[in-house]
Amino acid sequence: GGGAMAARDALINATPTPTPSPTPSPTAFADMIGPVLARLSALAPRPASLEASGLPPEMLADLALKHLLRAGSLTSLALGERLGLVAPVLEPIVQFLRQEGRLQLQARASFDNEVRLSLTERGRQGAQEALRRCGYVGSAPVPLATYTRVVRAQTIPRRSLAREKVSRAFRDIIMASDLCDRLGVAMASGRAIFIYGPAGSGKTYIASRLIAALPGEVLIPHAITVNDKVVRVFDAAVHDQIDLLDGNKRLLLAQGYDARFALCERPMIIVGGEMTEDMLDVQFNAGTSEYNGPLQMKSNGGVLVIDDLGRQRFMPQRLFDRWTVPLEQQVDHLSAGVDARFATPCDAVIVFSTNLEPTELADDAVLRRLGYKIQLGPLSVDLYTRVWAAVCEEMHTEFDPRLLNYALTKLYPPSRRPLLACHPRDLICMALDKAAYDERNGPFELDDLCWAWTNYFLATEMSGDAVM
């Protein structure tokens, strides 16, 4: 993680004093995260006025009504937290809604002693109409121009991806000595990466670890607005949010970065054979009246892996055609309806991965645009041995060189099967399953390994295998 994670972790993991307090004082907390907030605030300043938010008053009024419709009643402070806006931005909206007879004040509640806001009948009707027009209910969106500026300002620091940093990111992965450098140079180039090789050679695993080489964190908007259309961007399923304030949202309510953004780890998105063509375009959900951003927008600042290339329900050529402009110009053209066409940055490490023959997927012109081609194949005996030993250590079972030697000399040669990276883990886990089923404690034995081998591969593949 980057500075935000370091500040938070330093606070959580600080060595206790002889008389530790259960939580740090607000002043101490602010002092620790102050530098991080200062950097983020410079990147995305928190708007201090309605004009600075860049949003039309009507849009914020509709959003406030929808929040109140769902919540029943809210204090001004709670409404501001839900919208990600401070009081000077929200006050004109609340005043306008009161003047319009859509908002009313309730008596002070005993549990918080704050005046609460609730809808009038006219306000409820207005909120329901607003929901029919746009089903989005969340933090206030940010204008497209603001989103574009922030994405470009926190672009992947490719020039900092030198050998030492990339090697450190992959230090716990067993791979050929030159593979780390090939991946590092490819990531630093800004071009797409095309990884190919047989199933089980580690393509998906290695692609998923590329994110470890990218430092820092990113601000991701909950939503953006384009021509009065709201497009949701933040997705809790793929974005790992950093709680910089450790759950205390009110600690620095009027300070820090624009709360319409979520502070997140750089995103890592992997999509495989389940991918459909519309996932690369803004999607409209007719049931909820919401627009949802595409995969490449959600992956900005991180890594997008299109796995199992060629297994999707549409032709690979259509996918490559769709990516021609984003890959060459780092700009993507999208549409949220006929009246909201817009361009956004395409700033992610794009990885294509397949176990099919590349020439069967695309012609030479397309393959040239895909940038770096990295082939993963069978392991050497030395690498296979290291993987086997690492799996044994991870599974807390004894590493027996005799069992490994038996596999290498008696099982693999007759079957003419390659030494793939997935085999050690799969075979060892199945052998341990057999030992546990037989109620035997301790390491697995030769019979367990042979049993695992027989049950791991299809019967049609077993012809020529060693007799067990």
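Residues numbered from 1 in each chain as written. Predicted model: local features only at pLDDT ≥ 70, side-chain atom pairs only at ≥ 80, totals over all residues. Heavy atoms only, no water.

*Asks:* Whenever I open this one, the nonpolar core confuses me. Can you help?
*Replies:* In a soluble, globular protein the nonpolar side chains are often hidden away together inside. If you look at the biggest cluster of nonpolar residues, it comprises 32 residues, and the most contacted ones within it are Leu219, Ile224 and Phe342. Elements that contribute at least two residues to this core include exactly α2 (26-43), α8 (144-153), β6 (217-221), β7 (223-226) and β9 (261-265). Counting 29 residues, the second largest nonpolar core, distinct from the first, contains Leu50, Ala61, Leu68 and Tyr136. (Core = buried A, V, L, I, M, F, W, Y, C linked by side-chain atoms within 4.5 Å. Buried < 20%, exposed > 50% of the residue type's maximum accessible area, 1.4 Å probe, protein only. Helix = DSSP H or I, 4+ residues; strand = E, 2+ residues; numbered from the N terminus.)

*Asks:* What exactly am I supposed to notice about the packing of helix α4 (residues 57-71) against helix α7 (residues 121-133) here?
*Replies:* When two helices pack together, their arrangement is captured by the angle between the axes and the distance separating the axes. Where α4 meets α7, the closest approach of the two axes is 8 Å, and the angle between their N-to-C directions is 110°. On the basis of the axis angle, α4 is roughly perpendicular to α7. Contacts between α4 and α7 involve Asp62, Leu65, Lys66 and Leu69 from the former and Gly123, Arg124, Gly126, Ala127, Gln128, Ala130, Leu131 and Arg133 from the latter. (Axes fitted to C-alpha atoms, helices over the stretch in contact; angles between N-to-C directions. Parallel < 35°, antiparallel > 145°, perpendicular 65-115°, else oblique. Contact = heavy atoms within 4.5 Å.)

*Asks:* Quick question: what am I supposed to make of the sheet that holds strand β4 (residues 142-143) here?
*Replies:* Paired through backbone hydrogen bonds, the strands of a sheet run either parallel or antiparallel to each other. Read from one edge of the open sheet, 5 strands run β4-β7-β8-β12-β11, paired in mixed fashion. With one partner strand each, in any of the chains shown, β4 and β11 (283-285) form the two edges of the open sheet. Here β4 runs beside β7; their pairing, made up of 2 bridges, is parallel. Bridge pairing links Pro143 to Thr225 in β7. (Pairing = 2+ DSSP bridges.)

*Asks:* What is the right way to read helix α18 (residues 423-437) from this model?
*Replies:* Think of an α-helix as turning once every 3.6 residues; residues three or four places apart then point the same way. Counted at 1.5 Å a residue, the expected span for α18 with its 15 residues is 21 Å, and the 21 Å between its end C-alpha atoms agrees. Along α18, the residues classified as buried are His423, Pro424, Leu427, Ile428, Met430, Ala431, Leu432, Lys434 and Ala435. As for α18, its buried residues are in contact with α16 (381-394), α17 (401-415) and α19 (446-456). Residue Glu439 follows α18 closely and has a positive phi angle near 60°. (Expected span 1.5 Å × (residues − 1).)

*Asks:* Sorry, what's going on with the pattern of salt bridges here?
*Replies:* Any two side chains of opposite charge can pair, so long as their charged atoms come close to each other. Summed over the entire model, instances satisfying the criterion amount to 21 salt bridges. Among the salt bridges present, the one from Glu394 reaches Arg425, with a minimum N-O distance of 2.7 Å. Placement of the pair is Glu394 in helix α16 and Arg425 in helix α18, with a sequence separation of 31 residues. A relative accessible area of 35% means that Arg425 is categorised as partly exposed. Counted as one network, the salt bridges with shared partners bring together Lys434, Asp438, Arg440, Glu445 and Asp448. (Salt bridge = Lys/Arg side-chain N within 4 Å of Asp/Glu carboxyl O.)

*Asks:* Help me understand the packing of aromatic side chains, please; the structure alone is not making it clear to me.
*Replies:* When we look at a pair of aromatic rings, we describe it by the centre distance and by the angle of the planes. All told, the structure shown has 9 aromatic pairs when counted by the stated rule. When the centroid spacing of 4.9 Å and the interplanar angle of 80° are considered together, the rings of Tyr412 and Trp453 count as edge-to-face. A residue pair is termed long-range when its members are at least 10 positions apart, and Tyr412 in helix α17 and Trp453 in helix α19 qualify at 41 residues. We note that Tyr412, like Trp453, is buried. Grouping aromatic residues by their ring pairs yields a cluster made of Tyr384, Trp388, Tyr412, Trp453, Tyr456 and Phe457. (Phe/Tyr/Trp six-rings, centres within 6.5 Å; stacked < 30°, edge-to-face > 60°.)

No statement about biological role is implied by the geometric values presented.
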